[in-house]
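In case you want the letters, here they are:
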Amino acid sequence: MLTTPRTPIGPAPAPAPSPGPDPIRTPIANLHPSLIFRNNTAFIGAVFVGAFAFELAYDNGMDKVWDKINKGRQWKDIRHKYVQDEE
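About the thresholds
- Residues numbered from 1 in each chain as written.
- Predicted model: local features only at pLDDT ≥ 70, side-chain atom pairs only at ≥ 80, totals over all residues.
- Heavy atoms only, no water.
- Helix = DSSP H or I, 4+ residues; strand = E, 2+ residues; numbered from the N terminus.
- Contact = heavy atoms within 4.5 Å.
- Patch = residues over 30% accessible without salt bridge, like charges linked within 9 Å, V, L, I, M, F, W, Y side chains within 5 Å.
- Areas by Shrake-Rupley, 256 points an atom, 1.4 Å probe, with all protein chains shown as cover.
- Salt bridge = Lys/Arg side-chain N within 4 Å of Asp/Glu carboxyl O.
- pLDDT = per-residue confidence, 0-100.
- Phe/Tyr/Trp six-rings, centres within 6.5 Å; stacked < 30°, edge-to-face > 60°.
- Buried < 20%, exposed > 50% of the residue type's maximum accessible area, 1.4 Å probe, protein only.

(A) How the structure looks around the side chain of Gln 74. Tracing the backbone shows Gln 74 in the loop between helix 2 (40–69) and helix 3 (75–82). Apart from the residues within four sequence positions on either side, Gln 74 is in contact with Trp 66 and Asp 67.

See below:
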């Protein structure tokens, strides 16, 4: 015995939401890919420059966090109590 598929009873499903506007792009993201990916040397250079910049930013940021958490406990904060400057 063959059966026919049933059609749903009730309201139609809501349409999918639109994706909205394009996400905000940084100036680095606006670089045309052909500038970075034109050859292997340019790509490797971009990777090294990006890694170096990230390392500098991350290192400086973590130093500031460490200094804030340990303020008053480091030698640079208590040195004046133990060392007399010669004049």
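(B) Representation of a nonpolar patch on the surface. The grouping of Phe 37, Phe 43, Ile 44, Val 47 and Phe 48 at the surface amounts to a nonpolar patch, some 500 Å² of accessible area in total. Checked against the element boundaries, Phe 48 lands in helix 2.

(C) Seen up close, the confidence of the model for the protein. Mean pLDDT over the protein stands at 81; residues scoring 70 or higher make up 76%. Across the protein, element-level confidence peaks in helix 2 with a mean pLDDT of 94 and bottoms out in helix 1 (residues 33–37) with 72.

(D) Main features of the environment of Ile 36. Within the fold, Ile 36 resides in helix 1. For the pair Ile 36 and Ala 46, spaced 10 residues apart in the sequence, the C-alpha separation amounts to 6.7 Å.

(E) Focus on the packing of aromatic side chains. Applying the stated rule across the entire model yields two aromatic pairs. Geometrically, the ring pair formed by Phe 54 and Tyr 58 is stacked, given 5.8 Å between the ring centres and 20° between the ring planes. Here the residue Phe 54 and the residue Tyr 58 both occupy positions in helix 2, the gap between them amounting to four residues, near one helical turn. Judged by centre distance (6.3 Å) and plane angle (15°), the ring pair of Trp 75 and Tyr 82 falls under stacked. Residue classification places Trp 75 among the partly exposed positions, given a relative accessible area of 48%.

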